[in-house]
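# Chains, contacts and geometry: an overview
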Amino acid sequence: MTDELFRAMARSIIDGDPDAAADLAKKAVEAGIDPLEAINKGFVPGVDYVGEQYGKGEMFLPDLVLAGEAMKAAVAVLEPEIVRQGSQRQTLGVVVIGTVEGDIHDIGKTLVATMLSVSGFRVYDLGVDVPVATFVEKAREVSADIVGMSALLTTTMVRQRDVVEALEDAGLRSQVKVMVGGAPVTRAWAQEIGADGYSEDAIGAVAVAKQLLAK
Amino acid sequence: MQPKLELLSPDLIDHVLSEAFYLLETHGVKVQDAQARRLLGEAGARVDEANEVVYIPETLVRRALETVPREFYLYNRYGEPVVRYGGDAVHFDPGSSGVHILDPDTLEHCPSRTPDLARLVQVAEMLPQYAAQSTAVVCNEVPKAIGDLYRLYIVLLYSAKPIVTGAFSVPTAHYMFDMLAIFAGGRENLAQKPLAVFDICPSPPLIWSEFGARGLVDLARARVPAQIVSMPLAGATAPVTILGSVVQHAAESLSGIVIHQLAGPGAPIVWGGAPAIFDMRHGTTPMGAIETAMIDVAYAQVGKSLGLPTHTYLGASDAKVVDAQAGLESGITAVIGALGGINMISGAGMLDFLACQSAEKLVVDAEAIGMALRLVEGIKVHTDTLALEMFASIGFRGDFLKQKMTRHLFPKEQYLPSAVLDRGSIRAWEESGRLDTFARARARVQELLAVYQRPPIDPDQERELRAMVERLARQAGMDSLPPLM
C-alpha cells in the first residue's frame, strides 16, 4: 500500500503534475506516513529519475521545470507536517537566489533555482530586480549556505559586487558562498569581485554548488 | 501546407517536354540492345538498325506514361510500407556505390571493403533520418563479377530497411532479385511488396547501352521497381544550360520509360537522376554545386508534372574530409531536395564526387536531413488559439517553460538534434574536450555501433542467402567469403 503510494508520488513528479503531487502528499499525511519518508522515498526518486533522464538527454527542460513545480507542491503540504513533528528535512544546502537590482531577466535565474531545487537544495528565489539589502537580509534570515546572483546586462552586473561587499559589511561573508551567473559574467569577473563560484548554465550551477559546499 | 521550391513555370515545363519529345522523335535515341529496339519498333517507333538509333513518336511516349504507376511503396523486411514513392513524399538514403571509405583516424580515402560496408549499414540502420539503405560502397576485395550482389548480401545481413541498389550486369540482376525474393517469400511476393528499387542508368547523351536497356526490360518483367538515374553533365555530356540539361534528362528518362512500359506495362519506375554541372576549372562533376541542385529540382518538377515518382542525388559533398564545405554543401542541397518534394534523395555520407563514403559524415548529414524533413513538415496549427490560451495565466512573466503545453508540444515543434550538433554552452563545450563536428561525429558513430543490434533474421532465410552467395562467389573464383568484421 505504502509502496504503491510512493510509486505514485514518483510518477507525479515524473509527470510534472503539481495537483497530483499535492493530493498524494495529503494522502500520506492522512495515512500517518512519516512526511520525511514520503519526500525521500516517494517524491525524491521521481526527481532523481527526471534528473538522470535529463542528463541522458531523454528528458528536457520543461520536464525539469514541471518536476520542480510538482516537488514544490508536495513539499508545501509536507513541510508543515515535518515542522509539527519537530523534525527537519535534510537538504544539500540553503540557497538564496535572485536577479540583481535593475535587471528583470528571469529565465536563467529561474532555471538555476529549479535545478538546485530538484537536486535537493532548499532554494529561496527572491525573483528579479532584487535590492542588495534584500539578498543580505534573506541570507541572514534563512542561514543561507549560498547566495546566487544573476545579471544579464553589463550595466547591472556591477550590482553583484555590491552584494558581495554588503555581505561582508553584514559579517556574513565567511558563512556563505557566493555564486554568480548571467550572459556577461565571466570567470574573470567572478574572481575580480571575490565570488566563490561561477557557471555558464543551470546544469553547471548545480555541480558548482555541490562542490562549494563539499569543501 | 508543405513548403515547396519550384524553379520552372508551367510554361517552361511544357517547353522542356516539347523539346524532349522533339528530340525523341527527330534526333532519336541510341538503343544498343536489339531486344529493346525490337520492342520499340513493334510499338511503332522508327528503327535505324545499322546505327542502333530509334525515333520515338510522342504518341508512343504518351501511351507509356498512361500505364506508369503514379505511386508505389517500398517495404521493410517486416512487410511494412515505409517508403512512399509518389506525390511530394520526401525520403533520404545514403549515397550509393562509393569505391573509397574515409578512414576516420588517418583521413585517408581507402579502398572500401566488407567491414566498411557493414559499418555504414549498421550506422544508417540506427538513424531514423534514413528511410532506406543503399548498397553504399563496393567491396574491393570481392571479384567485380559478383560485386553488386555481394553488396546487397551485406546489406541484407545487417538491415531490415528497404534498399536502393543496382546491378552491374544482366545475370547478376536476376541473382539479386532471387536474393530479395528469399525475404519477400518468392518472386511474386517481391513484386507485390518490393524490398528494393534498382537504379538503371542511361549513358549521356541520349544513349541506352545494352546493359541499361536490358536492365529496364528485366526489371519491368520482374516487376521490381526501376529507378532511372539519368546524369547529364551540363557543359560536357549535356548542354551547358540548366534547361538544356533538363531537356536531355527528360528525353533520356522518357525513352527509358517507353522501353520499360513496353516490356512490362504498369511496372513501377522512378523519374530519377544524378546530374551535375561540369566544373570548368577542374573538369570535375560537383555534386555540391547549387546549379546541380537546381537541375535536380527542375527535372523533378518535370517528372511531377507527368505524375511520376521522383528521385535525385543530393546531400553529398565534394570535400575530401568532413569539414565545413562538407557540411554546407550537404546541408544546403538536402534542404533544396526536400523543398523540391523529391521522393528519394540519395547522396548522404558521400564525399569526393560520390567516390568516398563516410560513416562519420552519415551521422552529420542525418542532422541536416532531420532539419530538412522538419522544414517540409511545415508550420502546423497545434492549438485552438495560436497563442491566446498560452497567455491565459501568464501575466507578464516569462513562465512558458512551466506550461504543460510547452512540454507536450515542444517535441512536435522542434527537431531535436543528436550531440553531433553542439547547442550547449561554451563551458560545456570546453569541459567535454572542445570537440569539433568531426570529433563529435566520430564519437556518435562509436555510440551507434555499440548499441546496434542486427534485426531479427530467419535462420533458414539467412542460410539460403549465404549458400546462394557462397555458390556465386565460388563461381567467381573465391574459395570463401571475406570476413564480415
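Residues numbered from 1 in each chain as written. Chains lettered and ligands numbered in written order. Predicted model: local features only at pLDDT ≥ 70, side-chain atom pairs only at ≥ 80, totals over all residues.

## Topic: the overall build of chain A
Of regular secondary structure, chain A possesses 9 helices and 5 strands. In chain A, the succession of helices and strands from N to C terminus is α-α-α-α-β-α-β-α-β-α-β-α-β-α. Radius of gyration (C-alpha) of chain A: 18 Å, near the 17 Å computed for a compact globule of 215 residues. The buried share among the 215 residues of chain A stands at 47%. A fraction of 72% describes how many contacts in chain A between residues 6 or more apart in sequence connect residues 24 or more apart. (Helix = DSSP H or I, 4+ residues; strand = E, 2+ residues; numbered from the N terminus. Rg over C-alpha atoms; globule rule 2.2 N^0.38 Å. Buried ≥ 20, exposed ≤ 12 C-beta atoms within 10 Å, placed from the backbone. Contact = placed C-beta atoms within 7 Å.)

## Remarks on unusual backbone geometry
With an omega of -5°, the peptide bond between B:Pro204 and B:Pro205 qualifies as cis. For B:Pro205, the location among the structural elements is in the loop between β11 (196-200) and β12 (207-208). Its identity is not glycine, yet A:Asp129 carries a phi of approximately 55°, on the positive side. Note that A:Asp129 resides in the loop between β2 (122-125) and α6 (132-142). With phi around 65°, B:Leu107 is a residue other than glycine that occupies positive phi space. Tracing the backbone through its elements, the reader meets B:Leu107 in the loop between β7 (100-102) and β8 (109-111).

## Quick word on the sheet that holds β8(B)
Residues and elements named next belong to chain B. What the 4 strands build is an open sheet, ordered β8-β7-β20-β19; its pairing is mixed. Each edge of the open sheet carries a strand with a single partner, namely β8 and β19 (350-351). Here β7 pairs with strand β20 (residues 356-357) via 2 bridges, running parallel. Within β20, the position partnered with His100 by the bridge is Cys356. (Pairing = 2+ DSSP bridges.)

## Some details on the nonpolar core
Membership of the largest hydrophobic core comes to 149 residues, with the highest contact counts inside it found for B:Ala20, B:Leu40, B:Leu149, B:Ala250, B:Val258 and B:Ile259. With 11 residues, the top contributor of residues to this core is helix α9 (residues 242-263) of chain B. If sequence neighbours within four positions are ignored, B:Ala250 has contacts with B:Val16, B:Leu17, B:Ala20, B:Tyr299 and B:Val302. Counting residues in each nonpolar core, the second largest holds 65 residues, with A:Val47, A:Leu111, A:Leu126 and A:Phe135 among its members. (Core = buried A, V, L, I, M, F, W, Y, C linked by C-beta atoms within 7 Å.)

## Some remarks on the domain arrangement of chain A
Residues and elements named next belong to chain A. Examined at the domain level, chain A breaks down into domain 1 (2-84) and domain 2 (94-214). Here the C-alpha centre of domain 2 lies 26 Å away from the C-alpha centre of domain 1. On the domain 2 side, the residues contacting the 8 residues of domain 1 number 5 residues. Sorting elements by how many residues they give to the side of domain 1 that touches domain 2 places helix α4 (residues 61-84) first, with 5 residues. (Domains from an automatic or database assignment.)

## With respect to the interface of chain B and chain A
Taken together, the 12 residues of chain B in the interface contact 14 residues of chain A. Of all the secondary-structure elements, those providing two or more residues to the side of chain B that touches chain A are α14 (404-413) and α15 (426-431) of chain B. With 4 residues, the single largest contributor to the side of chain B that touches chain A is α14(B). Here the residues of the side of chain B that touches chain A are counted per class, giving 4 nonpolar, 3 polar and 5 charged. (Nonpolar A, V, L, I, M, F, W, Y, C, P; charged D, E, K, R; others polar.)

## Side note on the pairing of strand β3 (residues 146-150) of chain A
Residue and element names in this part refer to chain A. With 5 of its 5 residues buried, β3 lies for the most part within the structure. Bridging between strand β1 (residues 94-99) and β3 involves 5 bridges; their strand directions are parallel. Counted as the bridge partner of Gly98 is Met149 from β3. The sheet contact formed by β3 and strand β4 (residues 177-181) spans 5 bridges and is parallel. Bridging across to β4, Val147 finds its partner in Val178. Following the chain from β3 across helix α7 (residues 154-169) to the adjacent parallel β4, one finds a crossover that is right-handed. (Right-handed = clockwise from strand over helix to strand, strands pointing away.)

## Brief notes about the sheet that holds β11(B)
Residue and element names in this part refer to chain B. What the 5 strands build is an open sheet, ordered β9-β10-β11-β13-β15; its pairing is parallel. Of all strands in the sheet, those with a lone pairing partner are β9 (133-134) and β15 (269-273), marking the two edges. Bridge count for β9 against strand β10 (residues 163-166) is 2 bridges, and the pairing is parallel. Bridged to Ser134 within β10 is Val164. Set on the sheet, helix α8 (residues 210-222) makes contact with β11 and β13 (226-230); between it and β11 the angle comes to about 155°. Sheet strands in contact with α9 are β13 and β15, and its direction is about 150° off that of β13. (Axes fitted to C-alpha atoms, helices over the stretch in contact; angles between N-to-C directions.)

## Regarding the packing of helix α2 (residues 18-30) of chain A against α4(A)
All names here are of chain A. One can describe the packing of α2 onto α4 by two numbers: an axis separation of 7 Å at closest approach and a directional angle of 25°. Between α2 and α4, the interaxial angle falls into the category roughly parallel. The crossing of α2 and α4 is right-handed. In this structure, α2 contributes Pro18, Ala21, Ala22, Ala25, Lys26 and Val29 to the contact, and α4 contributes Glu69, Ala70, Ala73, Ala74, Val77, Leu78 and Glu81. Its residues assigned to classes, the contact of α2 with α4 shows 10 nonpolar, no polar and 3 charged. (Parallel < 35°, antiparallel > 145°, perpendicular 65-115°, else oblique. Left-handed = near helix turned anticlockwise from the far one by under 90°.)

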